[in-house]
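# Tertiary structure, described
Spelled out from the first residue to the last, the chains are:
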Amino acid sequence: MRSPRKIRRIERQYTQGSRDVPINIVSMIDVFAILVFYLMVSIAAVEMRPTDKALQLPQSTSQTKPHTATQLMITRKDILVDNHQIMSVADADSLNADSLPGLKDYFEKNVRLEQQPDDTGITRGEINILADKSIPYSLLKKVMKSCSDERFARISLNVIQHKPGAVIP
């Protein structure tokens with residue numbers, strides 16, 4: 001049999017466990033208000049675009065294709081055309097020829113000859129050369145000679161333009 005003290009303690013614990021605990025609803029309302037405000041602001045910041053069913057694009061009869069240019073990059077280690085490695089800079093610089101045969105082979109296989117719209121002839125279009133500033137001029141000259149031999153109509157050398165009076169590092 002249980003002692004009266006133990007029974008009172010069990011009854012007290014039982015009655016305390018069944019009491020209703022008040023919920024602080026004010027802080028919960030604050031959290032929901034902040035959440036609603038955040039959702040309203042984020043929805044207003046999003047650009048609404050029409051769905052494809054509501055949008056009908058016009059059809060074009062234009063025969064000209066968008067302007068694209070071949071990208072040739074000369075890094076400190078490699079020569080890349082449209083992110084395809086052609087050869088290393090060391091191999092290209094060590095060649096005694098005026099042009100680079102590996103580069104010419106790539107152009108012949110991967111860059112098409114096209115008729116120019118102004119009937120100036122058949123060319124491979126435009127090429128943009130991006131070269132590291134530490135590349136020797138002799139290598140750059142070989143690359144540009146290879147491009148002109150492969151009938152690129154326009155050869156552009158990309159540089160960073162400095163403002164007048166700026167100190168060039």
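Now for a description of the structure that goes with this document. Quantities reported herein were computed from a predicted structural model and do not represent experimental measurements. (Residues numbered from 1 in each chain as written. Predicted model: local features only at pLDDT ≥ 70, side-chain atom pairs only at ≥ 80, totals over all residues. Heavy atoms only, no water.)

### Quick word on the sheet that holds strand β2 (residues 78-81)
The mixed open sheet is built from five strands, whose spatial order is β3-β2-β1-β6-β7. At either margin of the open sheet sits one strand with a lone partner, and together these are β3 (84-88) and β7 (154-158). If you compare each strand with its neighbour and ignore which way they point, the axes differ by 20 degrees on average. Alignment of β2 against β3, held across four bridges, turns out to be antiparallel. Within β3, the position partnered with I79 by the bridge is M87. Lying on the sheet, helix α4 (residues 101-110) is in contact with β1 (70-74), β2, β3 and β6 (126-131); it crosses β3 at an angle near 160 degrees. The sheet contacts of helix α5 (residues 137-149) involve β1, β2, β6 and β7, and relative to β6 the element is tilted by about 170 degrees. (Pairing = 2+ DSSP bridges. Helix = DSSP H or I, 4+ residues; strand = E, 2+ residues; numbered from the N terminus. Axes fitted to C-alpha atoms, helices over the stretch in contact; angles between N-to-C directions. Contact = heavy atoms within 4.5 Å.)

### A look at the packing of α4 against α5
The N-to-C vectors of α4 and α5 enclose an angle of 35 degrees; their axes lie 9 Å apart at closest approach. Note that α4 runs across α5; the crossing there is right-handed. Facing L103, K104 and F107 of α4, the residues of α5 in contact are V143, S146, C147 and D149. For the contact of α4 with α5, the per-class residue count stands at four nonpolar, one polar and two charged. (Left-handed = near helix turned anticlockwise from the far one by under 90°. Nonpolar A, V, L, I, M, F, W, Y, C, P; charged D, E, K, R; others polar.)

### Looking at the nonpolar core
Counting 20 residues, the largest nonpolar core has L72, I74, I79, F107 and V143 as the members making the most contacts within it. Elements supplying a minimum of two residues to this core: β1, β2, α3 (89-94), α4, β6 and α5. The element contributing the most residues to this core is α5, with four residues. (Core = buried A, V, L, I, M, F, W, Y, C linked by side-chain atoms within 4.5 Å. Buried < 20%, exposed > 50% of the residue type's maximum accessible area, 1.4 Å probe, protein only.)

### Observations regarding the packing of aromatic side chains
As enumerated under the stated definition, the model contains two aromatic pairs in all. Residues Y106 and F107 carry aromatic rings whose centres are separated by 6.4 Å and whose planes lie at 65 degrees to one another, so their mutual orientation is edge-to-face. When sorted by exposure, Y106 lands in the same class as F107, which is buried. For the pair F107 and F152, a centre-to-centre distance of 4.9 Å together with 75 degrees between the ring planes defines the contact as edge-to-face. Here F107, found in helix α4, pairs with F152, found in the loop between α5 and β7; they are 45 residues apart in sequence, far enough to count as distant. When sorted by exposure, F107 lands in the same class as F152, which is buried. Joined through ring pairs, the aromatic side chains of Y106, F107 and F152 make up one cluster. (Phe/Tyr/Trp six-rings, centres within 6.5 Å; stacked < 30°, edge-to-face > 60°.)

### A short note on unusual backbone geometry
Of note in this structure, D82 is not a glycine but carries a positive phi near 50 degrees. Tracing the sequence through the fold places D82 in the loop between β2 and β3. One non-glycine residue, R151, lies in the positive phi region at around 65 degrees. The residue R151 is located in the loop between α5 and β7 in this model. Look at R151 and you get partly exposed, because its relative accessible area is 44%.

### What about the pattern of salt bridges?
Using the criterion set out here, one finds four salt bridges in the structure. Linking R76 and D132 is a salt bridge whose minimum nitrogen-to-oxygen distance equals 3.3 Å. Separated by 56 residues along the polypeptide, R76 in the loop between β1 and β2 and D132 in the loop between β6 and α5 bring together distant segments of the chain. Assessed through its relative accessible area of 60%, R76 is described here as exposed. In this structure, D149 engages K104 in a salt bridge whose closest nitrogen and oxygen atoms are separated by 3.2 Å. Here D149, found in helix α5, pairs with K104, found in helix α4; they are 45 residues apart in sequence, far enough to count as distant. Where salt bridges share partners, they join K104, K145 and D149 into one cluster. (Salt bridge = Lys/Arg side-chain N within 4 Å of Asp/Glu carboxyl O.)

Just distances and angles here, no functional claims.
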